[in-house]
Amino acid sequence: MNKKLINRIFLSFKYKFSIFFIILIFMFSQLFAMENKILFKIEKKIITTQDILNEVNYLKLINSEFKSFDNNKIYVIAKNSLIREIIKENELKRIFKKVEIKENFIEQFIIDYFSKFKINSINELKQILEQNNLNLDNIKKKITIQIMWNDLIFEKFSKNVKINKDIIKKEISLKKTQEEYLISEIVFSVNNKKDLKNKFEKIKIDIKENNFSKAAIIHSISETSINGGKIGWVTENSLSLKIKDAFNKLKIGDITKPIRIPGAFIILKIEDKRNIELELDFNKEFKRIVKRKTNEQLNQFSNIYFNKIKKDVKVNEL
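Caption draft 1: Looking closely at the sheet that holds strand β6 (residues 264-277). Taken in spatial order, the four strands of this open sheet run β4-β3-β6-β5, and their pairing is antiparallel. Each end of this open sheet is capped by a strand with a single partner; those strands are β4 (230-235) and β5 (259-261). On average, adjacent strands in this sheet sit at an angle of 40 degrees to one another, irrespective of strand direction. Those strands touched by helix α9 (residues 212-219) are β3 (177-188), β4 and β6, and its axis lies near 45 degrees from that of β3.

See the structure below:
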């Protein structure tokens, strides 16, 4: 092989390698740019595509139904979820010196929170998170915000909770049996009656085309939205008179019309119902119903408070 041919082969190889190297650099730079692209800004907080991706992975882990949405819906839901979390975090920072909880408490809470994965330790949870491209520190932060927000709402509004304990005691004493309902919810807010009608129609379309659980993930502003709006089994004594009246007209699988609650509207679905005999500890049942009604009112105060602070928050698309 002569020297010219060797040089020609070498130059050809060098050229192809250079092109390949340039393409490789370009691909990595594009990937890096994609992962670090700024999407929007909430006050001083910058949100990137990586933040959205982390939120998507988290929502998919919590609720498998999230995976079946198209990419546009996934983006919108993850974006709104992040916005809610950041607004709450900013409010907590305004009130408290630090947004943090003792390590041993938060770790035990997280293990309980992810109990459906049947884990017994943080190391076991780490493995699950890594398989889903999630970071334990980010999860700790999310749970910390959730706990501190609930504590804030309790401190601010627990004195405003109104429960007629005498009526609860009377109902427990008189009834030997009662209905128990398996309920899911969609909580939403609107500005006027016209918006209420349009919003309800949109929700009904999503329920029909998908199911109630997916519609809750898309539309609900309640903390239960992350698990498809599922509340669980609720005894008749725990329900307000307004909801009891609505349920009397419904069968299993039916949904209520929007019911006004403080600061929002709620749509409820009866997933199942059963009649149970009240062979129970009176004090235990009384405490359970009071707790249920208290949490219900605190959730309503939470929505009111959140909507109030949200009005002053600017979300700037970049």
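Caption draft 2: Geometry of the side chain of Asn237. Along the chain, Asn237 turns up in the loop between β4 and α10 (241-248). The buried category is assigned to Asn237, whose relative accessible area is 2%. Discounting chain neighbours no more than four positions away, the residues touching Asn237 are Glu171, Ile172, Gln178, Lys244, Ile289 and Lys293.

Caption draft 3: Just unusual backbone geometry, in detail. One non-glycine residue, Glu43, lies in positive phi territory at about 55 degrees. Residue position: Glu43 is located in the loop between β1 (38-42) and β2 (45-48). A positive phi is found at Asn133, a non-glycine position, where the angle reads about 55 degrees. The residue Asn133 is located in the loop between α5 (122-131) and α6 (136-157) in this model.

What counts, and where the lines are drawn
- Residues numbered from 1 in each chain as written.
- Predicted model: local features only at pLDDT ≥ 70, side-chain atom pairs only at ≥ 80, totals over all residues.
- Heavy atoms only, no water.
- Pairing = 2+ DSSP bridges.
- Helix = DSSP H or I, 4+ residues; strand = E, 2+ residues; numbered from the N terminus.
- Axes fitted to C-alpha atoms, helices over the stretch in contact; angles between N-to-C directions.
- Contact = heavy atoms within 4.5 Å.
- Buried < 20%, exposed > 50% of the residue type's maximum accessible area, 1.4 Å probe, protein only.

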